[in-house]
Amino acid sequence: MDEDLIEYAPNIPDNVLELIFSYLKLQDLRNCALVCKNWYRFLCDENNEVWRAQCLQKVPTEAFKNDLLSVVPSYKAKLRAFFHAWNPFDCSRHVYIKPNGFTLHRNPVAQSTDGSRGKIGFKHGRHAWEVRWEGPLGTVAVVGIATKDAAIQCHGYYALL
């Protein structure tokens, strides 16, 4: 980064930062938070216009229509939740991820065990999920956590975990 910019970075007004940051990608915003204390402070405000714009660009409208995101306290947290939602490209053929990204629907298929994974995995830390089960449970219903190598479908009723 240009040394002159680093020297003046702490003095850039918030409205100018907001305008500049609104053009950046998420990875670039993460790097900007490391430039100086002022930029870090600005980007730690999880409800500012930068996070609002990022959230509205990346999270589908269907997700906002659903009440699932209404309890999430900030735009940055809503964005984080969406990036950790179900992966529509990493699920059983009997599973359908609705456009909101948070709702998984399993087509009723006899003698089949089906699963889905999230978009982003975890390597460490503590994590919590909220699961709302709507509709009939079937004969055996299981929610669990697995590695990326676990099968997402098998014939019959078997543990995928």
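Scroll up for the structure.
Residues numbered from 1 in each chain as written. Predicted model: local features only at pLDDT ≥ 70, side-chain atom pairs only at ≥ 80, totals over all residues. Heavy atoms only, no water.

1. Examining unusual backbone geometry
Rules: Numbered from the N terminus, helices here are DSSP runs of H or I no shorter than four residues, and strands are runs of E no shorter than two. A simple rule labels every residue: compare its accessible area, found with a 1.4 Å probe on the protein chains alone, to the largest value its type can have, and call it buried under 20%, exposed over 50%, or partly exposed in between.
Phi angles above zero are rare outside glycine, and Gln111 is one such case at about 55 degrees. Turning to its location among the elements, Gln111 is positioned in the loop between β3 (104–106) and β4 (112–114). The exposure class of Gln111 is partly exposed, given its relative accessible area of 40%.

2. A word on the nonpolar core
When a protein is soluble and globular, its nonpolar side chains tend to lie buried together. Using the following cut-off: In these notes, a set of buried Ala, Val, Leu, Ile, Met, Phe, Trp, Tyr and Cys residues joined through side-chain atoms within 4.5 Å is what counts as a nonpolar core. Note on definitions: a residue-residue contact is assigned when non-hydrogen atoms from the two residues lie within 4.5 Å.
Within the largest apolar cluster, 22 residues are counted, with the highest numbers of intra-cluster contacts made by Phe21, Trp39, Leu43 and Val59. Elements with a minimum of two residues in this core: α2 (14–21), α3 (26–32), α4 (37–44), α5 (49–58) and α7 (75–83). Residues within four places of Val59 in sequence aside, it is in contact with Phe64, Leu69, Lys78, Leu79 and Phe82.

3. A closer look at the side chain of Asp114
What counts is decided by this rule: Polar contacts, as used here, are pairs of N or O atoms within 3.5 Å; protein pairs need one atom able to donate a hydrogen and one able to accept it. Residues neighboring in sequence count only if both atoms are side-chain atoms.
Within the element layout of this structure, Asp114 appears in strand β4. Engagement of the side chain of Asp114 in a polar contact is seen with the side chain of Arg106, the distance being 2.7 Å. Only 3.1 Å separates the side chain of Asp114 from the side chain of Ser112, close enough to count as a polar contact.

4. Digging into the pattern of salt bridges
Heads up, the rule is: We define a salt bridge as a contact between a side-chain nitrogen of Lys or Arg and a carboxyl oxygen of Asp or Glu at a distance within 4 Å.
A full pass over the atoms with the stated rule returns seven salt bridges. A salt bridge links Arg132 to Asp67; its shortest N-O distance comes to 3.4 Å. Highlighted residues: Arg132 in the loop between β5 (116–118) and β6 (153–155) and Asp67 in the loop between α6 (61–65) and α7, separated in sequence by 65 residues. Classification of Arg132 as partly exposed rests on a relative accessible area of 39%. Assessed through its relative accessible area of 45%, Asp67 is described here as partly exposed. Salt-bridge contacts for Asp114 lead to Arg106; the nearest nitrogen and oxygen are separated by 2.7 Å. Taken together, the shared-partner salt bridges connect Asp67, Glu130 and Arg132 into one network.

5. So, the packing of aromatic side chains
Quick note on the threshold: Aromatic pairing here means that ring centres of Phe, Tyr or Trp (its six-membered ring) are within 6.5 Å. Orientation follows from the plane angle: under 30 degrees is stacked, over 60 is edge-to-face, and everything else is tilted.
In the structure shown here, the tally under the stated rule is five aromatic pairs. Measuring from centroid to centroid gives 5.3 Å for Phe21 and Trp39, while their planes differ by 85 degrees, and the two rings are edge-to-face. Of this pair, Phe21 sits in helix α2 while Trp39 sits in helix α4; the two residues are 18 residues apart in sequence, bridging distant segments of the chain. Looking at Phe21, the relative accessible area reads 1%, which means it is buried. Judged by centre distance (5.8 Å) and plane angle (50 degrees), the ring pair of Phe21 and Phe42 falls under tilted.

On their own, these measurements won't tell you what the molecule is for.
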